[in-house]
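Results of the structural survey
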Amino acid sequence: MAICTGTRFFIPVSSNLSKPNPNPTFRKNPHSRTAKFTCSTSTTQAQLAKQDLLSHIADQDRGLKTQKDPAKRLSIIEAIDALAVLGRDTVTTTTDSLSATWRLLWTTEKEQLFIIEKAYLFGTQTGDVLQVIDVDKKVLNNVITFPPDGAFFVRSNIEIASSQRVNFRFTSAVLRGKNWEIPLPPFGQGWFESVYIDDEIRVVKDIRGDYLVVDRAPYSWKE
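Bear in mind the structure is a predicted one, so any value in this text is a computation, not a measurement. (Residues numbered from 1 in each chain as written. Predicted model: local features only at pLDDT ≥ 70, side-chain atom pairs only at ≥ 80, totals over all residues. Heavy atoms only, no water.)

**Overview of the packing of aromatic side chains**
This model, assessed by the stated rule, comprises four aromatic pairs. Ring-pair connections join several aromatic residues into one group, and the members of that group are Phe 168, Phe 170, Phe 187 and Phe 192. The aromatic ring of Trp 191 is capped on one face by Arg 165, whose charged end is 3.6 Å from the ring centroid. The lysine or arginine in question, Arg 202, covers the ring of Trp 102, its NZ or CZ lying 4.8 Å from the ring centre. (Phe/Tyr/Trp six-rings, centres within 6.5 Å; stacked < 30°, edge-to-face > 60°. Lys NZ or Arg CZ within 6 Å of the ring centre and 35° of its normal.)

Written out as structure tokens, the structure is:
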């Protein structure tokens with residue numbers, strides 16, 4: 001079976017899993033062979049759909065180019081919807097699946113894209129844009145990094161609402177430099193649905209109708 005599990009992501013300012021047959025010599029029940037075929041087909045479909053999505057967003061500069069190309073945006077959303085169909089009966093809100101440091105690959109969120117594009121106006125550049133989730137602690141940090149030492153992050157409380165939906169409420173915000181930080185007032189609440197998750201990526205739809213594709217970062221971000 002494919003692992004097809006997977007915010008409103010930020011604010012203004014990134015597998016194949018197959019199970020061996022536990023009894024490969026058993027052949028009396030013809031439905032067993034049918035089930036095995038269905039599982040394999042499901043896994044293959046998920047992998048093909050994921051690769052299709054990743055190929056669509058690979059050259060989109062995290063979504064900056066997509067803003068000027070409505071046809072491309074539509075094709076990417078169609079690829080997301082294809083993954084969502086494959087993941088509709090899965091649970092994507094468990095600790096094992098959702099808790100991670102996630103790194104932005106592509107989004108439609110205008111606030112995120114504005115910061116990514118315009119950071120140079122403030123004498124810096126945007127590094128990784130992250131979402132750090134801990135389901136057990138019921139917390140989420142939305143993070144925009146400004147290498148080598150800067151970061152803007154918003155802390156949120158989260159609550160699991162369903163098998164794929166998470167409610168969130170912002171609680172505080174901080175703009176941080178190397179030797180300084182400025183607290184900012186928190187604002188906003190809503191929900192997001194992780195419509196697909198596997199060992200590599202997560203795909204999200206949110207309360208505003210925005211889309212997000214992230215992968216599992218090769219590091220864990222800490223405040």
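Next comes the rest of the write-up.
**Looking at the pattern of salt bridges**
Taken as a whole and assessed by the stated rule, the structure comprises nine salt bridges. Among the salt bridges present, the one from Glu 200 reaches Lys 50, with a minimum N-O distance of 2.4 Å. Of the two residues, Glu 200 is situated in the loop between β7 (189-197) and β8 (201-206) and Lys 50 in helix α1 (residues 30-57); the sequence distance between them amounts to 150 residues. Linked through salt bridges whose partners overlap, the residues forming this network are Lys 50, Asp 198 and Glu 200. (Salt bridge = Lys/Arg side-chain N within 4 Å of Asp/Glu carboxyl O. Helix = DSSP H or I, 4+ residues; strand = E, 2+ residues; numbered from the N terminus.)

**Let's talk about the confidence of the model for the protein chain**
Looking at the protein chain, pLDDT values average 85 and 82% of them are 70 or higher. Under a pLDDT of 50 for its full length, residues 1-40 has, in the predicted model, 99 contacts with residues more than four places off or in other chains. (pLDDT = per-residue confidence, 0-100. Contact = heavy atoms within 4.5 Å.)

**Overview of helix α2 (residues 70-86)**
Taking 1.5 Å of rise per residue, the 17 residues of α2 would be expected to cover 24 Å, and the 25 Å separating its terminal C-alpha atoms lies within 8% of that figure. All of the buried residues along α2 are Lys 72, Ser 75, Ile 76, Ile 77, Ala 79, Ile 80, Leu 83 and Ala 84. (Expected span 1.5 Å × (residues − 1). Buried < 20%, exposed > 50% of the residue type's maximum accessible area, 1.4 Å probe, protein only.)

**Structural notes on the environment of Leu 54**
Assignment of secondary structure puts Leu 54 in helix α1. For Leu 54 and Ala 79, which are 25 residues apart along the polypeptide, the C-alpha to C-alpha distance reads 9.0 Å. For Leu 54, the contacting residues outside a window of four places in its chain are Leu 105 and Ile 201.

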